[in-house]
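Each chain is listed here by its residues.
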Amino acid sequence: MRPRIPLLLLALGSLPALAEAAGGAHEHGVGELAVAVENGAVELLLTAPLADLVGRERAPETDDERAAVAARRDALLAAPLFRFEGAACERRAADFTLPEAFTAPLEHEHEHEHEHEHEHEHEHDEDAAHDHGPHADGLVTWRFRCEADPTALIVDFDALAPLVLLRTQTLTDSGAAALELSAEAPRAPLR
């Protein structure tokens, strides 16, 4: 039987978007974590403010700013943020999805100067038209392969700082659960 994890994460991953559409607020220091476990495969999906993940929410405007974002992104992907109880697990993949404005080529100085001349007349339209406004979120996914389904997930909040709270949804063979994880309570049961 094929693992259902991509479908499970799709369902869990839509929860933050549904909450925001229903009037949920973008909160600095708070992220949404979806966890799906099936047949030794574990997938995690983290949605959080870009300010908490890479240190800024607005698109980089210089090469130095872009390099700083890339360094924070790479450090986050490489950090051992999660431990598992009840099974040995190996990370197989990690991915960080940034808004397009964070990865698009930087504008040439001349284009930037021209835009600056018209900045005030287009300010509101530009904010509405681009996904790099003042409240942008990032999406990070991790895939693990475990010798068996783990019994719990432990989050290293020191490595995730400045995130202090993860609103977590888990989906396992045992069912679904919702809980809040923090430095004081970093453990999510998975069975």
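Shown above is the structure to which this text applies.
Residues numbered from 1 in each chain as written. Predicted model: local features only at pLDDT ≥ 70, side-chain atom pairs only at ≥ 80, totals over all residues. Heavy atoms only, no water.

1. Description of helix α3 (residues 63-78)
Logical step 1: Taking 1.5 Å of rise per residue, the 16 residues of α3 would be expected to cover 22 Å, and the 22 Å separating its terminal C-alpha atoms lies within 8% of that figure.
Logical step 2: For α3, every residue scored as buried is listed here: Val69, Leu76 and Leu77. Buried positions in α3, seen along its axis, are confined to an arc of 100° and lie on one side of it. Of the exposed residues in α3, the ones pointing more than 90 degrees away from its buried face are Asp63, Asp64 and Ala78.
Logical step 3: On its buried side, α3 packs onto α2 (50-54), β4 (89-97), α4 (100-103), β5 (137-146) and α7 (157-160). (Helix = DSSP H or I, 4+ residues; strand = E, 2+ residues; numbered from the N terminus. Expected span 1.5 Å × (residues − 1). Buried < 20%, exposed > 50% of the residue type's maximum accessible area, 1.4 Å probe, protein only. Arc of directions from axis to C-beta. Contact = heavy atoms within 4.5 Å.)

2. Here we look at the packing of aromatic side chains
Each aromatic ring pair is summarised here by two numbers: the centre-to-centre distance and the angle between the ring planes.
Logical step 1: The tally for this structure, following the rule as stated, stands at three aromatic pairs.
Logical step 2: Plain terms: the ring middles of phenylalanine 82 and tryptophan 142 are 4.8 Å apart, the flat faces sit at 75° to each other, and that makes the pair edge-to-face. Linking phenylalanine 82 in strand β3 (residues 82-85) with tryptophan 142 in strand β5, this pair joins segments that are 60 residues apart in sequence. In this structure, phenylalanine 82 and tryptophan 142 share a single accessibility class: buried.
Logical step 3: Between phenylalanine 82 and phenylalanine 144, the ring centres sit 6.5 Å apart and the planes meet at 90°, which makes this aromatic pair edge-to-face. Of this pair, phenylalanine 82 sits in strand β3 while phenylalanine 144 sits in strand β5, and the two are 62 residues apart along the sequence.
Logical step 4: Members of the aromatic cluster, joined through ring pairs, are Phe82, Phe84, Trp142 and Phe144. (Phe/Tyr/Trp six-rings, centres within 6.5 Å; stacked < 30°, edge-to-face > 60°.)

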